[in-house]
Amino acid sequence: MFRHRSFWIILLITAIVWLGVTMSEHNDYPLQVRVEWTGYDTARYVVTHADTLLPITVRSNCFLAIGRYNAVKRQPYRITTAGDTVVKVGDALYDDMMKQFAFHGIHGVKSNVEQLTLSLTERGQRGYVPLLRNVEFSFAEQCGLSGAPVIEPDTVWLYGDPAILQQIPELTTSEAHLSNLNDSCHVTLALDPVWLRHPDLRSSVDSVRLFLPIDRYVEKTLSIPVRFQCGDNQLQVRLHPERVDVTLWVPVRDYHNITPDMVHLAVDYTAGEKSQTLPVRATLFPAGTRVKQISPSTIQYVIIR
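Okay, so let's go over this structure. Everything quoted here is computed from the prediction, not taken from an experiment. For every chain, the first residue of the written sequence is number 1, and numbering continues from 1 along that sequence. Side-chain atom pairs in this predicted model are given and counted only at pLDDT of 80 or more, local residue features only at pLDDT of at least 70, and totals for whole chains, interfaces and linings cover all residues. Derived side-chain values reflect all non-hydrogen atoms in the structure, with water molecules and hydrogen atoms excluded from consideration.

**So, the overall build of the chain**
At step 1: Looking only at helices and strands, the chain has five helices and 24 strands in total.
At step 2: Only protein chains enter the area calculation, which uses a 1.4 Å probe; residues under 20% of their type maximum are buried, those over 50% are exposed, and those in between are partly exposed. Buried positions account for 32% of the 305 residues belonging to the chain.
At step 3: Surface summary for the chain: the accessible area is close to 19100 Å², and the carbon and sulfur share equals 52%. Helix and strand labels come from DSSP, where a helix needs a run of H or I of at least four residues and a strand needs a run of E of at least two; each type is numbered from the N terminus. In these tables, accessible area is a Shrake-Rupley quantity obtained with a 1.4 Å probe, and a residue counts as shielded only by the protein chains included in the view.

Structure representation (structure tokens):
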């Protein structure tokens, strides 16, 4: 019984040693590497041909061959390109592939394929200025826009059949609600995906970035003389009162920079010559400010004959 057991133990050890020696020997192992092309604009181009499989033969031991087989099964070999490409299959490609997969213990690589090719065809294209639509803004107390909102990018490209592109007159933002805004900010807004309603259209982006310049505003009241406007330069008029108060919403940072000479108020005799009073209107005021109130809003006048 002991002799039989010893025999099987010796046989098992011999088999393990033989297997280890055999798997440690260098041999040629075939490997099918999947190829993935990246970097080109998939919206702008359509693929007409792409080599997606590279058969290679790698010389190494069996242990490392098993590891490589599992590695290429999990992920492809990626080639980055911006357009039509022909890549020669040779040492440079093998070196790059070994780096991507972190392969080691390799004593030679070869392939019966001479090159890998990617062919692209450019779709038709049309540029659109994205329009700000369907977006509601609400601001925190005493806050508001201090300039024009800016949309980035300023041009969105649609790609596809030119005849279909002509059916799309504009690109606008999708519905959005922005509330309690109290400081300048960037906001990402989705575009209305009209391209999805047509076959084989692509868009360069599906959203835009909106910059909102926002300031905190305070009231500033100035006493301003009223100017009389009339087509008859010989007409003499006395206004009552000759000065009125105008209340502006001004950004806090510009409060001390706003002076009375920056604001012009006027009455138009031609517009109200049949009335005893004339409405006062602001003909000039600083950019970034808003007129809240003019008091009084109408004034009396007397024609001096």
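Right, picking up where we left off after that structure.
**What about the environment of valine 72?**
At step 1: Residue position: valine 72 is located in helix H2 (residues 62-74).
At step 2: Of the residues examined, valine 72 reaches a relative accessible area of 5% and is grouped as buried.
At step 3: When the C-alpha atoms of valine 72 and valine 35 are compared, they prove to be 9.9 Å apart, with 37 residues separating the residues in sequence.
At step 4: Every residue in contact with valine 72, bar those within four places of it in the chain, is listed here: Leu31, Gln32, Val33, Arg34, Phe101 and Phe103. Working rule for contacts: check all heavy atoms of both residues, and any pair within 4.5 Å makes them a contact.

**Let's talk about unusual backbone geometry**
At step 1: Cis geometry is adopted by the peptide bond preceding proline 241, which originates at histidine 240 and carries an omega value of -5 degrees.
At step 2: With respect to the secondary-structure elements, proline 241 resides in the loop between strand S18 (236-240) and strand S19 (243-251).
At step 3: Despite not being glycine, aspartate 200 shows a phi value in the positive range, around 55 degrees.

**Section: the side chain of lysine 220**
At step 1: By the element assignment, lysine 220 lies in strand S17 (residues 214-229).
At step 2: Among buried charged residues, lysine 220 stands out as having no salt bridge; its nearest opposite-charge side chain is aspartate 261, 9.6 Å away.
At step 3: Here a polar contact means two N or O atoms within 3.5 Å. Within protein one must be a hydrogen donor candidate and the other an acceptor candidate, and residues neighboring in sequence count only if both atoms are side-chain atoms. Within polar-contact distance, the side chain of lysine 220 engages the backbone oxygen of isoleucine 258 at 2.9 Å.
At step 4: Discounting residues that sit within four places of it in the chain, lysine 220 has contacts with Val246, Thr247, Leu248, Val250, Tyr255, His256 and Ile258. A residue counts as positive if it is Lys or Arg and as negative if it is Asp or Glu; His and the chain ends are not included. Here, a salt bridge means any Lys or Arg side-chain nitrogen found within 4 Å of an Asp or Glu carboxyl oxygen.

**Things to note about the side chain of threonine 247**
At step 1: Positionally, threonine 247 belongs in strand S19.
At step 2: Among all residues touching threonine 247, those that are not within four sequence positions of it are Glu219, Lys220, Thr221, Arg290, Val291, Lys292 and Gln293.

**Some details on the sheet that holds strand S7 (residues 115-122)**
At step 1: Any two strands with at least two DSSP bridges between them are considered paired. A sheet is described by the order of its strands in space; here three strands give the open sequence S2-S7-S5, paired in antiparallel fashion. Edge positions in the open sheet fall to strand S2 (45-50) and strand S5 (85-88), since each of these has one partner strand only. Each neighbouring strand pair of the sheet contributes to a mean axis angle of 20 degrees, computed without reference to strand direction.
At step 2: Two elements, S2 and S7, share five bridges in a ladder whose sense is antiparallel. In the sheet register, tyrosine 45 faces S7, and the bridge partner there is glutamate 122. Helix axes use the C-alpha atoms of the stretch in contact, all axes being lines fitted to C-alpha atoms, and the angles between their N-to-C directions lie in the range 0 to 180 degrees.

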